[in-house]
Amino acid sequence: KTPPMRILFAASECFPLIKTGGLADVVGALPLALEREGLDVTVFLPGFPGVLSGLSKKKTYTRLGELAGGEAKLVSGTTGTGLSVMALDAPHLFDIQGNPYLDADGRDRAGNGINFAAFARIAAALADGRIKGPGFDVLHAHDWQAGLAAAYLRSFESSVKSVLTIHNLAFQGLFPKSLMEELLLPSGYFSRDGLEYWDQVSFLKAGIAFSDHITTVSPSYALEIQSDEGGMGFGGLLRARSDDLSGILNGIDLAVWDPAADPALAHPYSDAAGKAQNKRALQEALGLRVDADAPLFTVVSRLTTQKGLDLLAGMTDALVNEGGQLALLGSGDAAIEAAFLEAAARHPTEVSVTIGYDEPLAHRLQAGADAIFIPSRFEPCGLTQLCAMRYGTVPVVGRVGGLNDTVIDASPMAVSAGAATGVQFAPVNAHMLYNAVQRTFALYRDTPSWDAMVANCFAQDVGWESSAREYRELYESL
Ligand code: ADP
Ligand code: GLC
């Protein structure tokens, strides 16, 4: 019997240790699904405070000596969810409070370039077996924070195979070219087919240029990023690598998102009747008018223009005038936060706005709401529509990226065929969002159609199983 393939994930976030968005969910769940596929996966993370304090069975794996201006070591441990983790314990780089990438004023942290370069270099050395242990068959790097890993593998002339997953092309890891001197990479890598991007260094471009294979998190986004419009400056580069680029849809962790056994819910449930209890509990808890018949919409999101929430902010009065309610949780752009807070002040019994980050509340919103808004202008995959469907909540989404691939629009044909799971609109603008809101109200009032949609949502397979198989086949093909 051949031993299992050994895969090293390198990423800057991992649920439940550190999370700012969907990247953490993927890195926290996919390895467990890959282990069920028979692979042996270790997740390599920067030693942020939450990572080091959240690990159990923590021990020093090996000391690294001096790394980028201070002492560093590798520590190993596991998460409560059963992941094997290796962390780069280097307090001078990663003893950071708050957002891992941004300072208190929302600007990129000054150390980002040096810190994540050191992280990627150690990932490559660990995968290549240069530090301690047998090394790994595949180094699977995620986003720009790990993007340099493939460049380091190349510089080591390593036989370890490399995969880069792009979770969001908008974050490109751009730094002044002077950083090149500190990267410990051959200077020739600063070129058009290397990591140079308009006379800057791009960590993401390094990953695109040097990895054996590139994936992104949905088939539609894999096509969109090869266009000039969706490529955000990288379209040509990605087209040039189209033979090595594929889209594999994200799933969610069905144990973390399980309405029948969710510790955040007062009323765990598995059907529409149980959902009604959670709706009532949510209206009470948020101070909303308790009304079983008022369509209750939610938003659980970063409040950014990517997510199209500026469009929704302008539509709250119309929503309330139609008899709808809105319960929002999120944080981000100050102007979008302010617009929603003003809407809540105008309609205190119909609109609830919570600015911040609150995992249990996110679960209660998914459980209690009738529908969720995700009016994204672009969306590599999106996870909240998957969580929503698992919780019997109907997604109202822009027809882009992974939202296009995971939601079946309630067209008259889909409704009569009993296949619809949500409402899609395109193009993403205020007019079409307004139109989608009107369609959603009409569907909600047509009780048989709505009930059928909710039932279809509950029945969707939103787990990782089939996508984990695709990743395994990809690793094997390399
Ligand atoms: P992105 O990664 O682009 O922000 P995703 O839909 O892929 O979007 O993933 C977002 C993840 O973050 C989901 O798990 C969602 O529940 C969670 N999330 C977003 N905002 C908040 C918040 N304010 N509080 C709690 N969870 C949040
Ligand atoms: C990014 C994308 C989101 C995706 C997540 C996980 O944050 O914005 O669409 O679901 O990564 O892949």
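For the structure, see preceding data.
On a predicted model such as this, the values are computed, not experimentally measured, just so you know.

What counts and what doesn't
- Residues numbered from 1 in each chain as written.
- Chains lettered and ligands numbered in written order.
- Predicted model: local features only at pLDDT ≥ 70, side-chain atom pairs only at ≥ 80, totals over all residues.
- Heavy atoms only, no water.
- Phe/Tyr/Trp six-rings, centres within 6.5 Å; stacked < 30°, edge-to-face > 60°.
- Helix = DSSP H or I, 4+ residues; strand = E, 2+ residues; numbered from the N terminus.
- Buried < 20%, exposed > 50% of the residue type's maximum accessible area, 1.4 Å probe, protein only.
- Lys NZ or Arg CZ within 6 Å of the ring centre and 35° of its normal.
- Near = heavy atom within 4 Å.
- Polar contact = N/O pair within 3.5 Å; in protein donor to acceptor, adjacent residues only side chain to side chain.
- Areas by Shrake-Rupley, 256 points an atom, 1.4 Å probe, with all protein chains shown as cover.
- Salt bridge = Lys/Arg side-chain N within 4 Å of Asp/Glu carboxyl O.
- Pairing = 2+ DSSP bridges.
- Contact = heavy atoms within 4.5 Å.
- Axes fitted to C-alpha atoms, helices over the stretch in contact; angles between N-to-C directions.
- Nonpolar A, V, L, I, M, F, W, Y, C, P; charged D, E, K, R; others polar.
- Core = buried A, V, L, I, M, F, W, Y, C linked by side-chain atoms within 4.5 Å.
- Parallel < 35°, antiparallel > 145°, perpendicular 65-115°, else oblique.

Trainee: Describe in detail the packing of aromatic side chains, supporting the description with residues and values.
Mentor: The full count for this structure, using the stated rule, is 18 aromatic pairs. Pairing Phe116 with Trp144 gives two aromatic rings, centres 5.3 Å apart and planes at 75 degrees, and the pair type is edge-to-face. Taken together, the residues Phe116 in helix H4 (residues 112–127) and Trp144 in the loop between strand S6 (138–142) and helix H5 (149–155) connect sequence positions 28 residues apart. One exposure class covers both Phe116 and Trp144, and it is buried. These aromatic residues form a ring-pair network of at least three members: Phe48, Phe94, Tyr101, Phe116, Trp144, Phe175 and Phe203. A cation sits over an aromatic face here: Arg130 above Phe156, 4.1 Å from the ring centre. Sitting above the plane of the Tyr61 ring, Lys132 keeps its charged end 4.4 Å from the centroid.

Trainee: Tell me what's going on with the site of ligand 1, and back it up with residues and numbers.
Mentor: In the region of ligand 1, 19 residues are neighbours, and Gly22, Asp25, Arg302, Lys307 and Gly356 sit closest. For ligand 1, a nitrogen atom lies 3.0 Å from a polar atom in the backbone of Asp358. Here Thr384 contributes a backbone N or O atom positioned 3.5 Å from an oxygen atom of ligand 1. Expressed as a share of its isolated accessible area of 560 Å², the protein-covered part of ligand 1 is 92%. Broken down by secondary-structure element, the contributors of at least two residues to the shell around ligand 1 are helix H1 (22–36), strand S13 (296–303), strand S14 (325–332) and helix H13 (359–368). With three residues, S13 is the largest single contributor of residues to the shell around ligand 1.

Trainee: Please provide a residue-by-residue account of the pattern of salt bridges, values included.
Mentor: Under the defined criterion, the tally for this structure stands at 21 salt bridges. For Asp40, the salt bridge goes to Arg6, with nearest N and O atoms at 3.5 Å. Of this pair, Asp40 sits in strand S2 (residues 40–46) while Arg6 sits in strand S1 (residues 6–10), and the two are 34 residues apart along the sequence. Under the relative-accessibility criterion, Asp40 is labelled partly exposed at 27%. Notably, a salt bridge pairs Arg377 with Asp310, separated by 2.9 Å at the nearest N-O pair. Linking Arg377 in the loop between strand S16 (371–374) and helix H14 (384–390) with Asp310 in helix H10 (residues 309–313), this pair joins segments that are 67 residues apart in sequence. With a relative accessible area of 34%, Arg377 lands in the partly exposed category. For Asp310, a relative accessible area of 30% corresponds to the partly exposed category.

Trainee: Outline the sheet that holds strand S10 (residues 200–202), listing residues and values.
Mentor: Across the sheet, three strands lie side by side as S8-S10-S9; this open sheet has antiparallel pairing. The open sheet has two edge strands with one neighbour each: strand S8 (174–176) and strand S9 (196–197). Set on the sheet, helix H6 (residues 203–210) makes contact with S8, S9 and S10; between it and S10 the angle comes to about 60 degrees.

Trainee: I'd love a proper account of the sheet that holds strand S17 (residues 394–398), names of residues and values included.
Mentor: Overall, parallel pairing links the six strands, which are arranged S15-S14-S13-S16-S17-S18 in an open sheet. Edge positions in the open sheet fall to strand S15 (351–355) and strand S18 (423–425), since each of these has one partner strand only. Direction aside, neighbouring strands of the sheet carry axes that sit 15 degrees apart on average. Sheet topology places S17 next to S18; three bridges connect them, and they run parallel. Within S18, the residue paired with Val397 across the bridge is Gln424. Here helix H9 (residues 272–286) sits on the sheet in contact with S13, S14 and S15, set at roughly 65 degrees to S13.

Trainee: Kindly report on the site of ligand 2, identifying the contributing residues and their values.
Mentor: Taken together, the neighbourhood of ligand 2 is formed by 14 residues, with His167, Asn250, Glu379, Cys381 and Gly382 sitting nearest. Here an oxygen atom of ligand 2 and a backbone polar atom of Pro380 are 3.5 Å apart. Its free accessible area being 310 Å², ligand 2 has 92% of it covered by the protein chains. Considering every element that reaches the shell around ligand 2, the biggest residue donor is H1, with three residues. Each residue belonging to the shell around ligand 2 can be placed in one class, and the counts come to six nonpolar, six polar and two charged.

Trainee: Explain the nonpolar core residue by residue, including any values.
Mentor: Of all hydrophobic cores here, the largest spans 146 residues; its most connected members are Phe44, Leu88, Leu139, Leu148, Leu183, Phe203 and Phe373. It is H4 that contributes the most residues to this core, 11 residues altogether. Counting nine residues, the second largest nonpolar core, distinct from the first, contains Leu282, Leu296, Ala362 and Leu365.

Trainee: Quick one: what's the story with the environment of Ile214, residue by residue and with numbers?
Mentor: Following the sequence through the fold, Ile214 ends up in strand S11 (residues 213–216). Relative accessible area serves as the criterion here: at 0%, Ile214 is assigned to the buried category.

Trainee: Run through the packing of helix H17 (residues 430–445) against helix H18 (residues 447–459), naming residues and quoting values.
Mentor: The interhelical angle for the contact between H17 and H18, taken along N-to-C directions, is 100 degrees, at an axis separation of 5 Å. It follows that H17 is roughly perpendicular to H18 by the angle criterion. Here Thr440, Leu443, Tyr444 and Arg445 of H17 lie close against H18, whose contacting residues are Thr447, Ser449, Trp450 and Met453.

Trainee: Break down unusual backbone geometry for me, with residues and values.
Mentor: Of note, the bond from Phe15 into Pro16 is cis; its omega dihedral lies within 30 degrees of zero at 5 degrees. Inspection of the secondary structure assignment puts Pro16 in the loop between S1 and H1. One non-glycine residue with positive phi stands out, namely Glu157, at about 50 degrees. Locating Glu157 in the fold gives a position in the loop between H5 and strand S7 (161–166). Not every positive phi belongs to a glycine, and Leu184 is a case in point at roughly 60 degrees.

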